[in-house]
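# Observations on the model geometry
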Amino acid sequence: MKHDNPILITGASGFIGRTVCAELSRAQQPVLAMLRDPPRQLPALRREVDALGGQGSLVQAIGGDLDKPDLGLSEPLPALQAIIHLGARFAWQLPMVEARQTNVEGALAVARLAHSQRTRLVFISGFMLENHGHLTRLGINLMHANQTDWQQVYRRAGGYEASKLEAAIRVREYTRDHGVDMIEVQPATVAGDSRSGQLDSQQPLYQLIDNLARGRMAAIPGSREHWLPLVAVDLLAAIIARAATSSVVPPRVLALDRHTPTLQGMLTTVADTLQQRPPRRFLPMAVLAALLRIPGLPRLLNTWPEALHFIQTTRFDTKSSDTFLANQGLAHPPIQAVIAASTRYYQQQHRQPDQQPA
Ligand SMILES: NC(=O)c1ccc[n+]([C@@H]2O[C@H](COP(=O)([O-])OP(=O)(O)OC[C@H]3O[C@@H](n4cnc5c(N)ncnc54)[C@H](OP(=O)(O)O)[C@@H]3O)[C@@H](O)[C@H]2O)c1
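An unreviewed UniProt entry lists the protein under the name Thioester reductase (TE) domain-containing protein, with Alcanivorax nanhaiticus given as the organism.

Okay, here's the thing in structure tokens:
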């Protein structure tokens, strides 16, 4: 994989970003992290990269902010091997203006940078871009961004999801019109590291485990067919790294383990690991969505209506992505074991001091 020109990464300090930095630097690939505050963030990022088995010393930083005009880069860029765009505001209840500023305008600024640098753009969208029934229900025109009523999409899907969908469609349009070499990686909901289970506390799977552990999930949202497709963060990082460095990559890579169990199966694994009784009854989505309209209930249940969109019955075609993985010598780790490892990691974070192993 080694290449002397660095790969520029936005969102390098995030959960996925730091694992990508570790993956690339482990293979001797220099990395240039675009950080909002390099003096504060770079030392911590290097330590995290070392701890993840990468080489922190191969990570340099440049100041930049997705919210600033032309990214507000602190200095001229060297020749790049590729740009990986992971940076985004990732939260529920995001106001439309803020979500669009960072996730849509910021992504377009990164696409313009890839064009001016004549380098490949690896753009990280999400698996919902492949859920065409859902996109149609939201009223999205996949081919022409300006033929969608985005205000309506933001109202229906919430700021985070809507801005990710809008960003992908606008970046596809821009890169198509300007001849930019763009690979889109579409991750499922990200699970912890397949060995250590390491998972940031603001990640959706961590919050789901937390809800179950705290007894906030007496019933399973949806039906027996509903699922939340997952991908282990270390496999996702390897896919993103290969998308940036390999010569032959399909234009879209769906990073999703089709063997992810249904939500019922996932909650059973989490509950077994926590040594709790798993929920057995189902709460239909429409009922749950109606309940969550009661003021105060989303906060009480720590469940936001927009998060429910990611739990669906749709199955996805992963054939071409699975072929790419096989050609790269990559494979999904056993996902039930990843769910259990993520749950054990959660338990370690919540263990009382007197419960720490001696
Ligand atoms: N995690 C998932 O389940 C999942 C699934 C599908 C797609 N994705 C996509 O994957 C990407 C990374 O997700 P993640 O889970 O790693 O998120 P994360 O941990 O929240 O990381 C977000 C990153 O974006 C950076 N960022 C936010 N606003 C910025 C700004 N204005 N300028 C520059 N950088 C900014 C953050 O920097 P600071 O450290 O400075 O805040 C951080 O490095 C996102 O695009 C997300 O939509 C994630």
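Having seen the structure, we can now continue with the description.
### Here we look at the overall build of the protein
Within the protein, the regular secondary structure consists of 13 helices and eleven strands. Expected size for 358 residues packed as a compact globule is a radius of gyration near 21 Å; at 20 Å, the protein falls within 12% of this value. Counting only C-alpha atoms, the protein reaches 60 × 55 × 40 Å along its principal axes. Buried residues in the protein amount to 55% of all 358 residues. Summing over all exposed atoms, the protein offers an accessible surface of approximately 16000 Å²; the carbon and sulfur share of this is 50%. Each charge class in the protein can be summarised by its mean position, and for the 36 positive and 30 negative side chains these summaries are 5 Å apart.

### Quick word on the pairing of strand β3 (residues 59–63)
Taken together, the five bridges between strand β2 (residues 31–35) and β3 define a ladder with parallel strand orientation. Note on β3: the bridge partner recorded for alanine 33 is alanine 61. On the question of chirality, the crossover connecting β2 to the parallel β3 by way of helix α2 (residues 38–51) is right-handed.

### Here we look at the site of the ligand
Neighbouring the ligand are 25 residues; Ser13, Arg36, Tyr160, Lys164 and Gln203 lie closest to it. Glutamine 41 is positioned such that a nitrogen or oxygen atom in its side chain is 2.9 Å from an oxygen atom of the ligand. One of the side-chain N or O atoms of glutamine 203 is found 2.7 Å from a nitrogen atom in the ligand. Alone, the ligand offers 900 Å² of accessible surface; in the complex the protein occludes 88% of this. Residues belonging to the shell around the ligand are distributed by class as follows: eleven nonpolar, ten polar and four charged.

### Considering helix α1 (residues 15–26)
Each turn of an α-helix holds 3.6 residues, which means side chains three or four residues apart point in the same direction. Its twelve residues place the ends of α1 17 Å apart at the C-alpha level, agreeing with the 16 Å of an ideal helix rising 1.5 Å per residue. With eleven of its twelve residues buried, α1 lies for the most part within the structure. Inspection of α1 places Phe15, Ile16, Gly17, Arg18, Thr19, Val20, Cys21, Ala22, Glu23, Leu24 and Ser25 among the buried residues, and these make up the whole buried set.

### Quick look at the pattern of salt bridges
A complete count under the given rule lists 17 salt bridges for this structure. In this structure, aspartate 37 engages arginine 40 in a salt bridge whose closest nitrogen and oxygen atoms are separated by 3.1 Å. Under the relative-accessibility criterion, aspartate 37 is labelled partly exposed at 29%. In this structure, aspartate 67 engages arginine 89 in a salt bridge whose closest nitrogen and oxygen atoms are separated by 3.2 Å. Linking aspartate 67 in the loop between β3 and β4 (82–85) with arginine 89 in the loop between β4 and α3 (96–117), this pair joins segments that are 22 residues apart in sequence.

### Brief notes about the packing of aromatic side chains
Under the defined criterion, the tally for this structure stands at seven aromatic pairs. Their ring planes at 40° and their centres at 4.6 Å tell us that phenylalanine 90 and tyrosine 160 sit as a pair that is tilted. Here phenylalanine 90 is found in the loop between β4 and α3, whereas its partner tyrosine 160 is found in helix α6 (residues 159–178), with 70 residues between them in sequence. Relative to tyrosine 160, the ring of tryptophan 92 lies with its centre 6.0 Å away and its plane at 85°, an arrangement referred to as edge-to-face. Placement of the pair is tryptophan 92 in the loop between β4 and α3 and tyrosine 160 in helix α6, with a sequence separation of 68 residues. The two residues tryptophan 92 and tyrosine 160 agree in class, both being buried. Every member of this aromatic cluster is reached through a ring pair, and the members are Phe90, Trp92, Phe127, Tyr160, Trp227, Phe310 and Phe316.

### Regarding the nonpolar core
Counting 119 residues, the largest nonpolar core has Ile9, Ile84, Leu121 and Ile240 as the members making the most contacts within it. Not counting chain neighbours up to four residues away, the residues in contact with leucine 121 comprise Ile83, His85, Val110, Ala111, Ala114, Val171, Thr175, Val180, Asp181, Met182 and Ile183.

### Let's talk about the sheet that holds β4
The strand order across the open sheet formed by seven strands is β3-β2-β1-β4-β5-β6-β10, and the pairing between neighbours is parallel. Lying at the two open borders of the sheet, with one neighbouring strand each, are β3 and β10 (252–255). Mean inter-strand twist for the sheet, computed between neighbouring axes without regard to direction, equals 20°. Where strand β6 (residues 182–187) meets β10, four bridges bridge the pair, whose relative direction is parallel. Across the sheet, residue glutamate 184 finds its bridge partner in β10, namely arginine 252. Strands in contact with α1 are β1 (7–10), β2, β3 and β4; relative to β1, the strand with the most contacts, it is inclined by about 165°. With respect to the sheet, α2 is in contact with β2 and β3, its orientation differing from that of β3 by roughly 155°.

### Considering the UniProt feature "domain: Thioester reductase (TE)" (unreviewed entry) in the protein
In the numbering used here, UniProt assigns the feature "domain: Thioester reductase (TE)" (unreviewed entry) to residues 9–240. Between the C-alpha atoms that bound residues 9–240 there is a distance of 11 Å. The span itself is 44% helix and 15% strand.

### Let's talk about helix α12 (residues 319–327)
Of the residues making up α12, those classed as buried are Ser321, Phe324 and Leu325. Along α12, the residues classed as buried sweep out an arc of 100° about the axis, all on the same side. For α12, the exposed residues set more than 90 degrees away from the buried face come down to Lys319, Ala326 and Asn327. As for α12, its buried residues are in contact with α8 (233–245) and β10. Taken from the residues just after α12, glycine 329 is the one with a positive phi, measuring 70°.

Rules and cut-offs
Residues numbered from 1 in each chain as written. Predicted model: local features only at pLDDT ≥ 70, side-chain atom pairs only at ≥ 80, totals over all residues. Heavy atoms only, no water. Helix = DSSP H or I, 4+ residues; strand = E, 2+ residues; numbered from the N terminus. Rg over C-alpha atoms; globule rule 2.2 N^0.38 Å. Buried < 20%, exposed > 50% of the residue type's maximum accessible area, 1.4 Å probe, protein only. Areas by Shrake-Rupley, 256 points an atom, 1.4 Å probe, with all protein chains shown as cover. Lys, Arg positive; Asp, Glu negative; His and termini not counted. Charge placed at Lys NZ, Arg CZ, Asp CG, Glu CD. Pairing = 2+ DSSP bridges. Right-handed = clockwise from strand over helix to strand, strands pointing away. Near = heavy atom within 4 Å. Polar contact = N/O pair within 3.5 Å; in protein donor to acceptor, adjacent residues only side chain to side chain. Nonpolar A, V, L, I, M, F, W, Y, C, P; charged D, E, K, R; others polar. Expected span 1.5 Å × (residues − 1). Salt bridge = Lys/Arg side-chain N within 4 Å of Asp/Glu carboxyl O. Phe/Tyr/Trp six-rings, centres within 6.5 Å; stacked < 30°, edge-to-face > 60°. Core = buried A, V, L, I, M, F, W, Y, C linked by side-chain atoms within 4.5 Å. Contact = heavy atoms within 4.5 Å. Axes fitted to C-alpha atoms, helices over the stretch in contact; angles between N-to-C directions. UniProt positions renumbered as here; feature names shortened; annotations may be inferred. Arc of directions from axis to C-beta.

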